[in-house]
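A closer look at the structure
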Amino acid sequence: MTNDNTLDRLEKRLEALESRLAYQEHWLDTLDQAVAGQERRLTQLERLSELLQLRIREQHQLLQTQSGGPGEEDYRLEDEIPPHY
């Protein structure tokens, strides 16, 4: 009788552990997919930022050329005052 009781307890503990493991594996897969998606999105946003910066430089250079102002060598994005100042 004691062996049956011990065996039942061990089986229940094993089932509980298996259930917890399956749950953790599920969430690990879910988190992995989320991180991969965020990595793809971050790469897209970085590329978009690079393209926008290039476009701004090109537009600024065009404006400087048309207005006869200082050339590209005199212009740096870091020198611009942010719009909230």
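Above this text sits the structure in question.
These notes cover the structure that comes with them. Note that the structure is a prediction, hence the values are computed from the model and not measured. (Residues numbered from 1 in each chain as written. Predicted model: local features only at pLDDT ≥ 70, side-chain atom pairs only at ≥ 80, totals over all residues. Heavy atoms only, no water.)

What the protein contains, in helices and strands, is one helix and zero strands. The 85 residues of the protein split such that 4% are buried. For the protein, the exposed area adds up to about 8,200 Å²; of that, 55% sits on carbon and sulfur atoms. (Helix = DSSP H or I, 4+ residues; strand = E, 2+ residues; numbered from the N terminus. Buried < 20%, exposed > 50% of the residue type's maximum accessible area, 1.4 Å probe, protein only. Areas by Shrake-Rupley, 256 points an atom, 1.4 Å probe, with all protein chains shown as cover.)

Further remarks concern the packing of aromatic side chains. Summed over all chains, the structure comprises one aromatic pair. A centroid spacing of 6.3 Å and a plane angle of 70° characterise the contact between Tyr23 and Trp27, whose relative ring orientation is edge-to-face. With Tyr23 and Trp27 both in helix α1 (residues 2-67) and four residues apart, this pair spans about one turn of that helix. (Phe/Tyr/Trp six-rings, centres within 6.5 Å; stacked < 30°, edge-to-face > 60°.)

Let us look at a negative patch on the surface. A contiguous patch of negative charge on the surface is contributed by Asp4, Asp8, Glu11, Glu15 and Glu18. Mapped onto the elements, Glu18 comes out in helix α1. (Patch = residues over 30% accessible without salt bridge, like charges linked within 9 Å, V, L, I, M, F, W, Y side chains within 5 Å. Salt bridge = Lys/Arg side-chain N within 4 Å of Asp/Glu carboxyl O. Lys, Arg positive; Asp, Glu negative; His and termini not counted. Charge placed at Lys NZ, Arg CZ, Asp CG, Glu CD.)

The periodicity of an α-helix, 3.6 residues per turn, causes residues three or four positions apart to be oriented the same way. In this model α1 runs 96 Å from its N-terminal to its C-terminal C-alpha over 66 residues, within 8% of the 98 Å that 1.5 Å per residue would give. Among the residues trailing α1, Gly68 stands out with phi positive, at a value near 75°. (Expected span 1.5 Å × (residues − 1).)

Let us look at a nonpolar patch on the surface. Side chains of Leu45, Leu48 and Leu52 sit close together on the surface and give an oily, nonpolar patch of about 260 Å² of accessible area. Positionally, Leu48 belongs in helix α1.

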